[in-house]
Every structure is written in structure tokens, then in C-alpha cells.
Amino acid sequence: MEKSTPSLGAVIFILCCCCCCCISHVSCDASDHRYKEGDSVPFYANKVGPFHNPSETYRYFDLPFCSPDNVEEKKEDLGEVLNGDRLVVAPYKLDFLIDTETESICKKRLTRKEVAQLRAAVLKDYFFTMYYDDLPIWGFLGKFDSEDQDETTATKVYLFNHLHFEILYNKDRIIDVFIRNDPKGVVDLTEDREVDVDFTYSAKWTPTDITFDKRLEKYSQTSLLFSHLEIHWFSIFNSCLIVLLLTGFLATILMHVLKNDFVKFTHDEEAVDDDEESGWKYIHGDVFRYPKYKSLFAAALGTGSQLFTLAILIFMLALVGVFYPYNRGAMFTALVVIYALTSGVAGYTAASFYYMIEGKNWVRNLILTGSLFSGPLFLTFCFLNTVALAYNSTAALPFGTIVVIFLIWTLVTSPLLVLGGIAGKNSRPEFQAPCRTTKYPREIPQLPWYRRTLAQMAMAGFLPFSAIYIELYYIFASVWGHQIYTVYSILFIVFIILLIVTAFITVALTYFQLAAEDHQWWWRSFLCGGSTGLFIYWYCMFFYNARSDMYGFMQTSFFFGYMACICYGFFLMLGTVGFRASLIFVRHMYRSIKCE
């Protein structure tokens, strides 16, 4: 009996699941603590930054708070560092079930420079994040008000110097924690002078009936409100309606036209003169002519296939609950690990297709495949990391993390890419073309403007974008804001609809292109399929100007820089979907007729 060997995709899938399950297991265990009265509870201060600029974050003790002589830092995993977290032991002592009256951390005399620093932070709506037993805590540094909005000198700036912690517990477990600011516990920072500040805190423990397994539900309640769910389902209804209309349109028009074409081309074929042929039948000798820039085309398909696999696996992990609210860094860790492991998909797809269309230099093709997406991402990262370093922000990755990512790329991504390429090269696939390709290509007739590439890309990208634009707001508000996104099932349905609409509209435009006797459909179908990524980037500009309050060079650079990489990834992924759908359709169409 012959031994069966697992496919490359199966091996990658198993590795991805194992690695991401380990990530989830570690994250879950970190917060599953039971305590006795008087036990010390892990309490970490994380970072501070402007409320409206989620990427512009700084270390907690970068501001002149009460800092211990030796700041004890928490060991963080890769995802936490990529998320910009820099956890240090907080200067508060909140032991389990021990109420704390007003207790002083330290008394400090703020210099004029420190007063100016804190005043600027308060005016920019700086807020801090902390974690108590892995539960997130937020709070603003202070408040300001103005009697006359036209006179900045009338603005009163106050710093909260007292924090009151209210902690809910159920038996031996902590359920919730939040901060109350004492309106009287403030320090006036309006004037540019030295100020004496006594930083204090207090704590109150209160029993609750909420069970431990439901303590994170409040962070996802916003997404699950009836009004929000109604909007989500309206988005799905809108998308499904577009799919039904588009499907009906294609079924009615294409099947009617194709049926007439098949009858025309198969009826009394011996009596039909070649000169009388027209439309897509006329170019049967050119439609399977391989495209220009074979290596680049194969690399784009390989990279798009890898990103498609990455998206599906991320959705699978999200649907099983790995990315629960405030599972710090799990999403970033999963993205890095799965992207590295799926590089074999890119290598195999690119090399096999490259040899299928009679490519010769497979080494160059693999290099191009490996750098087609990661190259622009690396250049963008270098620029943005330099900006973050100039701002002394926690968004800047430390040298050790950069070394770890480089080692992952060197020891995992590159070898798997090469192994996938070798497997694709040795598979020796043959391109199945129903029609023979002539030696010389036919001349393409002059086409009207609406049949050219840019016009068709605009038409091809608009419908898929209109099917997802409602859901885009919630995604952007989560990634570039402070809302929590938890309805991954709805998002997955919208993603499937996006793939269907992209495939259908690309097939329709490919048919109309071939009917106009334009046989250069390979690149056109890829560009039309991926054009939705350009519409998403246009939405980025709209969101930045109309839906957000982000400001400053650093935040603007991070937003448009990383969104450009994400939209470019969508371009490659959806372009691959569009081409694959068009290839299946074109093969079926020309297989249904007799080609001389």
C-alpha cells in the first residue's frame, strides 16, 4: 500500500492552528487567577497618549508622575510589542479585598517645564491605559474648561491628582475595575509656575453576581446593541441585494448572449466562413496567449493566494473566539505567525503558475514573489518606525523585536517560500487551453473610453465597495479608534459577499472585453478584481477628514502609510480572485465551442 503524503496546504493549516492555539492558551491563562484576601494582584501601567490619535502613544512615566527609582518592566510577547504596549509595574498597591483609604504615592514639586508638559497633555486630551488582573482601565489625565472659547488665556487646566478605584469581585476572582475621578482632587495647571502636587489614590471592593466567564462581555456590548446589530444586518441585506441583482443580471444577459453565440457558431459550421466570425469566437486563437511580464503576473497571483489564505485562517481563529476583547497582541502575533507559515502557499502558487505559462527563470520569480508585498511593507515600516523614534513613541519597535521579526523572515518565511517554489516547479503542471494559440496576435480594434482599463477598473471596484462600505466604518472605528469589534461572524459573511461580487463583476467585464475582440484579458481581469482596494483607500481619506479627529504628522503618517499597505494587500488578494474566476469562465466558454 502506498503511503499518502499530506499536502502543503494541510501542513501549513495544522502549523497555523497549533501556533495560534498556543497564543490563545497563554493569553487565556494569564488572566485566570484566583486570590485570597490580602494577595497581591498584578497591576501594570501601560501608556499615555492623545485620545484622538491611537498610534501616538508614549510610556507612562514619560510624563512627570511619581516614578520609582527602579521601574520594573513586564516581559511582553511579540504581539504586545507590535501593539505599542510597554507595561511597567504601576505605583499603586491594591491587594485583594483590602479597601484603601486615601493614600499618598508621593509628594512632588512640579517645575515650570513639567507643568507646561502636563498642561499640553491635558489640552490634547491625553488618557492613560492600565491593566489590573489583565482588565483594562482607562482614565484622562485631567480636564479643562474655558469661559470664552475665543480666548485661550481664559482656559482653566486641571490635573487629576487623586484616583479612586472601584473593584468588583465574585468570591475569589476579580470581575471588573474602573476609575472615579474626584472633582475636588485636582491641581490647577493654568499658570506657568511651579506647583506642589500630592499624588494620592483610594480603593473600594464591592461584591457582584457577575460570573468570571462573563467579565469581558461589557467590552463587546457596544457592538451587540440592537441599533448597531440592525445596521450590521442592514449592511448584509444591502450586500445580498447587490449579489442577487448582479447574479440575475449575469444569468440573464450572459446566458442569453452565450446561448445565441453557441447556436450561431455551432450551426452548420462547415458552411461558415472564417471571415464572417465576430466577437469572442473571432479571437479564439489569441485569448489564451500568455500575458506580458509573466514573472510579475505569477508573483502577484502567488502573493494574492497567500494573503487570501491568511485572511481565511484569521477569520477561522476569530470565529472560534481566539481574539476576544483585550486579548493583548493576539491578533498581531497571529498575523505575523500565519503570514510567515503561509509563504509556502505563495511560493508554490507562483512557481507552478509561472512554469504553467512557460516561464524560465524561477529563481527570479521567487525573489519577486517574496518581495512583492513584503518589500513595500518593509519600506513603509522603516519610514514610520523612524517617525515614531523621532517622536519617542512606543509605536517604535525596539531593536530586539526587529531582530526577532528578521529571524522569523530568515528562518521561516524564506525557507518555506523556497520549498513551496521547488514543489511548484517540480509539479510540472500544464496549462489547459481549449483552443490553440496562433503564432501572431491579432490586432485589437480601437475601443471606446468606457471599455478601456481605467474605466473598467472604476466599474469593477464600485460594486464590491458598495457591498462593504457600511461595515468599513465599524472596522475603521475599531482599528483607528476605541470601539471594540466583536461581530466577526457578520464580518465573515460580508467578506464572502465581497469575494462573490468581485468574481461576478470581473467575469462580466471579461466577457464584454472579449466580445469587443480585445484578447488581452489576463492583466485586465486582475486589475479589475483588485480595484476595490483603491476604493477602500479612497474611503480612508474620507474617514480621516470626515469621521475622525486624528491630527499631527505622526498619526497621519501611520494612518495613510499602513492603510496603503492594507489596501495594497486587498488589491493583490481580490485581483487573484478576479483572475481565477475569469479564467474558469473563459475556459468554460471556449470549451463549449469547436475551435479550429
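Cut-offs used in this document
Residues numbered from 1 in each chain as written. Predicted model: local features only at pLDDT ≥ 70, side-chain atom pairs only at ≥ 80, totals over all residues. Heavy atoms only, no water. UniProt positions renumbered as here; feature names shortened; annotations may be inferred. Helix = DSSP H or I, 4+ residues; strand = E, 2+ residues; numbered from the N terminus. Contact = heavy atoms within 4.5 Å. Axes fitted to C-alpha atoms, helices over the stretch in contact; angles between N-to-C directions. Parallel < 35°, antiparallel > 145°, perpendicular 65-115°, else oblique. Left-handed = near helix turned anticlockwise from the far one by under 90°. Nonpolar A, V, L, I, M, F, W, Y, C, P; charged D, E, K, R; others polar. Buried < 20%, exposed > 50% of the residue type's maximum accessible area, 1.4 Å probe, protein only. Salt bridge = Lys/Arg side-chain N within 4 Å of Asp/Glu carboxyl O. Pairing = 2+ DSSP bridges. pLDDT = per-residue confidence, 0-100. Polar contact = N/O pair within 3.5 Å; in protein donor to acceptor, adjacent residues only side chain to side chain. Phe/Tyr/Trp six-rings, centres within 6.5 Å; stacked < 30°, edge-to-face > 60°. Lys NZ or Arg CZ within 6 Å of the ring centre and 35° of its normal.

If you check an unreviewed UniProt entry, the protein chain appears there as Transmembrane 9 superfamily member from Lupinus luteus. Per its UniProt entry, the protein chain bears the Sequence similarities (unreviewed entry) comment "Belongs to the nonaspanin (TM9SF) (TC 9.A.2) family."

> Pulling in residues and values, what's your account of the overall build of the protein chain?
Within the protein chain, the regular secondary structure consists of 16 helices and 12 strands. Long-range pairs, those at least 24 residues apart, make up 80% of the contacts in the protein chain between residues at least 6 apart in sequence.

> With reference to specific residues and values, describe the packing of helix α6 (residues 294-319) against helix α9 (residues 362-372).
Where α6 meets α9, the closest approach of the two axes is 8 Å, and the angle between their N-to-C directions is 45°. Classified by the angle between their axes, α6 and α9 sit oblique to one another. The crossing of α6 and α9 is right-handed. Of the residues in α9, those in contact with Ser295, Leu296, Ala298, Ala299, Ala300 and Thr303 of α6 are Arg364, Asn365, Leu368, Thr369 and Leu372. Here the residues of the contact of α6 with α9 sort into six nonpolar, four polar and one charged.

> How would you sum up the packing of helix α13 (residues 488-515) against helix α14 (residues 522-530)? Please name residues and give values.
Between α13 and α14, the shortest axis-to-axis distance is 9 Å and the interhelical angle comes to 145°. At the point where α13 passes α14, the crossing takes the right-handed sense. Taken together, the residues of α14 that come into contact with α13 (itself represented by Thr502, Thr506, Leu509, Thr510 and Gln513) are Arg524, Ser525, Cys528 and Gly529.

> Describe unusual backbone geometry, and please don't skip the residues or the numbers.
The backbone phi angle of asparagine 392 is positive, close to 55°, even though this residue is not glycine. Here asparagine 392 falls in the exposed class, since its relative accessible area comes to 53%. At glutamate 517, a residue that is not glycine, the phi angle is positive and equals roughly 65°. By relative accessible area, glutamate 517 is classed as partly exposed at 22%.

> Please give an account of the pattern of salt bridges that cites residues and values.
All chains considered together, the criterion is met by 15 salt bridges. Note that aspartate 95 and lysine 93 form a salt bridge whose closest N and O atoms lie 3.3 Å from each other. Note on aspartate 95: relative accessible area 15%, which makes it buried. Between glutamate 194 and arginine 109 there is a salt bridge whose closest N-O contact spans 2.9 Å. Highlighted residues: glutamate 194 in the loop between β11 (186-188) and β12 (195-207) and arginine 109 in strand β4 (residues 100-110), separated in sequence by 85 residues. Residue arginine 109 is classed as partly exposed on the basis of its relative accessible area, which comes to 47%. A network of salt bridges, in which partner residues are shared, links Arg109, Glu194 and Asp196.

> Before we move on, could you go through the sheet that holds strand β10 (residues 173-181) and cite the residues and values that matter?
Pairing is mixed across the open sheet formed by four strands, whose spatial order is β4-β12-β9-β10. The open sheet terminates on both sides in strands that have one partner only, identified here as β4 and β10. For this sheet, the mean inter-axis angle between neighbouring strands, taken without regard to orientation, is 20°. Sheet strands touched by helix α3 (residues 112-123): β4 and β12. Its angle to β4, the strand with the most contacts, is close to 120°.

> Could you give me a rundown of the confidence of the model for the protein chain, with the residues and numbers involved?
Close reading of the predicted structure is inappropriate where its pLDDT is low. A residue-level look at the protein chain finds 86% of positions with pLDDT of 70 or above and a mean pLDDT of 85. The low-confidence segment residues 1-9, where pLDDT is below 50, has five contacts with residues more than four positions distant or belonging to other chains. Within the model, the stretch residues 268-277 combines pLDDT values under 50 with four contacts to residues more than four positions away or in other chains.

> How would you summarise the side chain of serine 202 if you had to cite specific residues and measurements?
Note that serine 202 resides in strand β12. In terms of polar contacts, serine 202 uses its side chain to reach the side chain of histidine 162, at 3.2 Å. Sequence-distant contacts of serine 202, defined by excluding residues within four places in its chain, comprise Thr100, Glu101, Thr102, His162, Leu163, His164 and Phe165.

> Quick rundown of the packing of aromatic side chains? Include the residues and the values.
Evaluation of the coordinates by the stated rule reveals 64 aromatic pairs. Taking NZ or CZ as reference, lysine 74 lies 6.0 Å from the ring centre of tyrosine 44, over its face. Here arginine 173 stacks its cationic end above the ring of phenylalanine 212, 4.1 Å away from the centre of that ring.

> Please give an account of the pairing of strand β5 (residues 126-132) that cites residues and values.
Among the seven residues in β5, seven count as buried, and that is most of the element. Residues Tyr126, Phe128, Met130 and Tyr132 point to one face of β5 and Phe127, Thr129 and Tyr131 to the other, with burial holding for every one of them. Pairing between strand β1 (residues 43-50) and β5: seven bridges, direction antiparallel. Bridge assignment links tyrosine 44 to a residue of β5, and that residue is tyrosine 131. Here β5 pairs with strand β6 (residues 135-140) via six bridges, running antiparallel.

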